[in-house]
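# Tertiary structure, described
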Amino acid sequence: MSAADNDIDYDVFLTLSEDDMKEVGIMSFGARRRLSMVIKAANGAATKGYSQHDSSCSDDASITSDLDQPGSSSCQTSPRTTTRMAPSPHTVPSLPMKDNMPLPSKEHFYNNGSGFLEYKLKNSRMSLPQDKKKRKRRSRQELEVAAKSAKTVVAEDEEEPITPGDQEKVDWMRYSPPTGDNQKKHRDLFIDTFSFRRKIINGSPTITDVLCQFPRLQDMPELINLEFQLLYPDQCDNFISRWGRMKEQIILAGEGNASVLVQIQKFQPDDNRDLCALTALAFALHKSVVQVRGTSTSSSRENSLLFLVQSIPEGTDVEAAAKAKKPVYQQPFLLALGPARRPVQYFAVLDKVAVPCGTSLITAIDRLFKCHFVFNVHYSPALLHFWHFIAAFIYEVLDPHTVKPIIRSFASSVRAVEL
């Protein structure tokens, strides 16, 4: 708490008592006593000067040199700014200053950041325990979030202005089924309304609300890829193009971890290598304790995989399964239809809506990752390190220096693997 925070100017300063000084954080008895002496001396000098001035209203040079200005009365009751800024012979000698210290004016009492009172307040705050301080140092993560938020605001300000016809285009896409004849028009209008759609989605609606207003994202799921491409044109295809080589590196790097090795050995040579690599990555970057709505909960490696993909038997009603999901699964995840090691089809569960993701696990993971950006939703806390690895070192949409050391360390191990 500083003098500026309490609106303490020179006039207020002259009225401070020692109890007031305690309230603003001056705990040192000596400092309070010295300031009381300064205040008393300044008030006495001001009273003496004003009583002489009021009684005579004379043109004495000692008064008119300070108070009289062109166009003003010679009997003013309050000193001008120029007077307050002038050196005071009554207050300056009473302060604990060095002999060679400049004496600018009485303003040094409360000058923000460098005044004597500010200096004493700063020392008082520094002596307080960390939990007693009102201004707490923000963590690195909080500073990074603030910086990203500032960049987002700048980016939004630079977006193209919304035209009156955007809502008409959105309404047409909403009420026109995507048939073979008009699918191209749907894609063209989808591109045209990109800025309009991002304004709405960045307002943090639910995924269900977004799908209600833009239903083509559900029945034309390729538009999810198109939306991500409009957001990140140079990184859209990085996962598909790089995963083929990286999956083997991840498996070999994961074998150095005993828990990961045990899980890898459960896969047969003819099993899905993509699923094996994703499992190894999730196990290697497992986060045992996660924060959910301010509460710390433990999560096992096996349970964390359920936040990525869940299997249901063939013939199951996918829409019913999506609606019956447990409340703990708030973020998007995959629903695999068929045997756990060899599913026949994948769906992304967004809120309680199932969106087709094809028959390939890699295509499904690619679309699932992009859903986080398209619908502006957070990663699952249990898979936070998993997704940060993919975002920073495969898609390259996240600065690698901002991720946790455990993620950077595993990425170095993966790059060191020679095939």
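The structure displayed is predicted, hence computed values, not measured ones.

### A word on the packing of helix 13 (residues 222-231) against helix 19 (residues 361-374)
Look at helix 13 against helix 19: their axes get within 9 Å of each other, and the N-to-C directions meet at 60°. In this view, helix 13 runs oblique relative to helix 19, as classed from their interaxial angle. The two elements helix 13 and helix 19 cross, and the hand of that crossing is left-handed. Contact residues: Glu222, Ile224, Asn225, Glu227, Phe228 and Leu231 in helix 13; Asp366, Arg367, Phe369, Lys370, Cys371, Phe373 and Val374 in helix 19.

### Some remarks on the pairing of strand 3 (residues 309-312)
Bridge analysis of strand 3 against strand 4 (residues 333-337) gives four bridges, and the strand direction is parallel. Among the inter-strand pairings, Ser311 is bridged to a residue of strand 4, identified as Ala336. In this region the chain leaves strand 3, passes through helix 18 (residues 318-323) and returns to the parallel neighbour strand 4; the handedness of that crossover is right-handed.

### Considerations on the environment of Ser17
Checked against the element boundaries, Ser17 lands in the loop between helix 1 (10-13) and helix 2 (18-23). Classification of Ser17 as partly exposed rests on a relative accessible area of 33%. Here the alpha-carbon distance between Ser17 and Arg32, two residues 15 residues apart in the chain, equals 8.6 Å.

### Structural notes on the sheet that holds strand 3
Here we have four strands laid out as an open sheet, ordered 3-4-5-6, and mixed in their pairing. Two strands close off the open sheet at either side, each with one partner strand: strand 3 and strand 6 (353-356). Across the sheet, the mean angle separating the axes of adjacent strands is 35° when strand polarity is ignored. Bridge analysis of strand 4 against strand 5 (residues 345-350) gives five bridges, and the strand direction is antiparallel. The residue bridging Leu335 from the neighbouring strand is Phe347, located in strand 5. Contacts from helix 19 reach strand 4, strand 5 and strand 6, with the element oriented near 155° to strand 4.

### Side note on helix 14 (residues 238-254)
Maximal helix bending in helix 14 amounts to about 50°, located at Gly244. Along helix 14, the residues that are buried comprise Asn238, Phe239, Trp243, Met246, Lys247, Gln249, Ile250, Ile251, Ala253 and Gly254. Against the buried residues of helix 14 lie helix 15 (258-264), helix 16 (273-284), helix 19, helix 20 (384-395) and helix 21 (405-416).

### Notes on the pattern of salt bridges
Tallied over the entire structure, the rule returns ten salt bridges. The salt bridge involving Arg33 is made with Glu18; its shortest N-O contact spans 3.1 Å. Here Arg33, found in helix 3 (residues 29-56), pairs with Glu18, found in helix 2; they are 15 residues apart in sequence, far enough to count as distant. Residue Arg33 is classed as partly exposed on the basis of its relative accessible area of 39%. The residue Glu248 makes a salt bridge to Arg273 at a minimum N-O spacing of 2.9 Å. Taken together, the residues span a long stretch of sequence, with Glu248 in helix 14 and Arg273 in helix 16 at a distance of 25 residues. With relative accessibility at 24%, the residue Glu248 sits in the partly exposed group. Using a relative accessible area of 32% as the deciding quantity, one classes Arg273 as partly exposed. Residues joined by salt bridges that share partners form a network here, namely Glu18, Arg32 and Arg33.

### Examining helix 20
If you check helix 20, its first and last C-alpha atoms are 15 Å apart, about what twelve residues at 1.5 Å a residue would give, namely 16 Å. Most of helix 20 sits out of view: ten of its twelve residues are buried. Inspection of helix 20 places His385, Phe386, Trp387, Phe389, Ile390, Ala391, Ala392, Phe393, Ile394 and Tyr395 among the buried residues, and these make up the whole buried set. Where the residues of helix 20 are buried, they touch helix 13, helix 14, helix 16, helix 19 and helix 21. Taken from the residues just after helix 20, Glu396 is the one with a positive phi, measuring 65°.

### Considerations on empty space enclosed by the protein
As enumerated under the stated definition, the model contains one cavity of 30 Å³ or more in all. In this structure, the largest cavity encloses a volume near 60 Å³. Residue lining of the largest cavity: Val170, Met173, Arg174, Phe190, Gln213, Phe214, Pro215, Arg216, Leu217 and Leu223, and that is the complete set. Secondary structure elements with two or more residues in the lining of the largest cavity: helix 8 (166-175) and helix 12 (216-219). Looking at the lining of the largest cavity element by element, the count peaks at three residues for helix 8. When grouped by side-chain class, the residues that make up the lining of the largest cavity number seven nonpolar, one polar and two charged.

### Thoughts on the packing of aromatic side chains
Summed over the entire model, instances satisfying the criterion amount to 17 aromatic pairs. Taking 5.2 Å as the distance between ring centres and 40° as the angle between the ring planes, the aromatic pair formed by Phe228 and Tyr232 counts as tilted. We classify Phe228 as buried; its relative accessible area is 0%. Here the aromatic cluster, defined as three or more aromatic residues joined through ring pairs, consists of Phe228, Tyr232, Phe239, Trp243, Phe369, Phe373, Tyr379, Phe386, Trp387 and Tyr395. In this structure, Lys185 packs its charged tip against the face of Trp172, placed 4.2 Å from the ring centre. Its end group placed over the ring of Phe190, Arg197 keeps NZ or CZ at 3.6 Å from the ring centre.

Thresholds, definitions, all that
Residues numbered from 1 in each chain as written. Predicted model: local features only at pLDDT ≥ 70, side-chain atom pairs only at ≥ 80, totals over all residues. Heavy atoms only, no water. Axes fitted to C-alpha atoms, helices over the stretch in contact; angles between N-to-C directions. Helix = DSSP H or I, 4+ residues; strand = E, 2+ residues; numbered from the N terminus. Parallel < 35°, antiparallel > 145°, perpendicular 65-115°, else oblique. Left-handed = near helix turned anticlockwise from the far one by under 90°. Contact = heavy atoms within 4.5 Å. Pairing = 2+ DSSP bridges. Right-handed = clockwise from strand over helix to strand, strands pointing away. Buried < 20%, exposed > 50% of the residue type's maximum accessible area, 1.4 Å probe, protein only. Bend = angle between axes of the 7 residues up to and from the residue. Salt bridge = Lys/Arg side-chain N within 4 Å of Asp/Glu carboxyl O. Expected span 1.5 Å × (residues − 1). 1 Å grid on protein atoms, 1.4 Å probe; cavity = no way out; pocket = protein on both sides within 12 Å on 5 of 7 lines; lining within 4 Å. Points joined across faces, edges and corners; volume = space filled by probe spheres on them. Nonpolar A, V, L, I, M, F, W, Y, C, P; charged D, E, K, R; others polar. Phe/Tyr/Trp six-rings, centres within 6.5 Å; stacked < 30°, edge-to-face > 60°. Lys NZ or Arg CZ within 6 Å of the ring centre and 35° of its normal.

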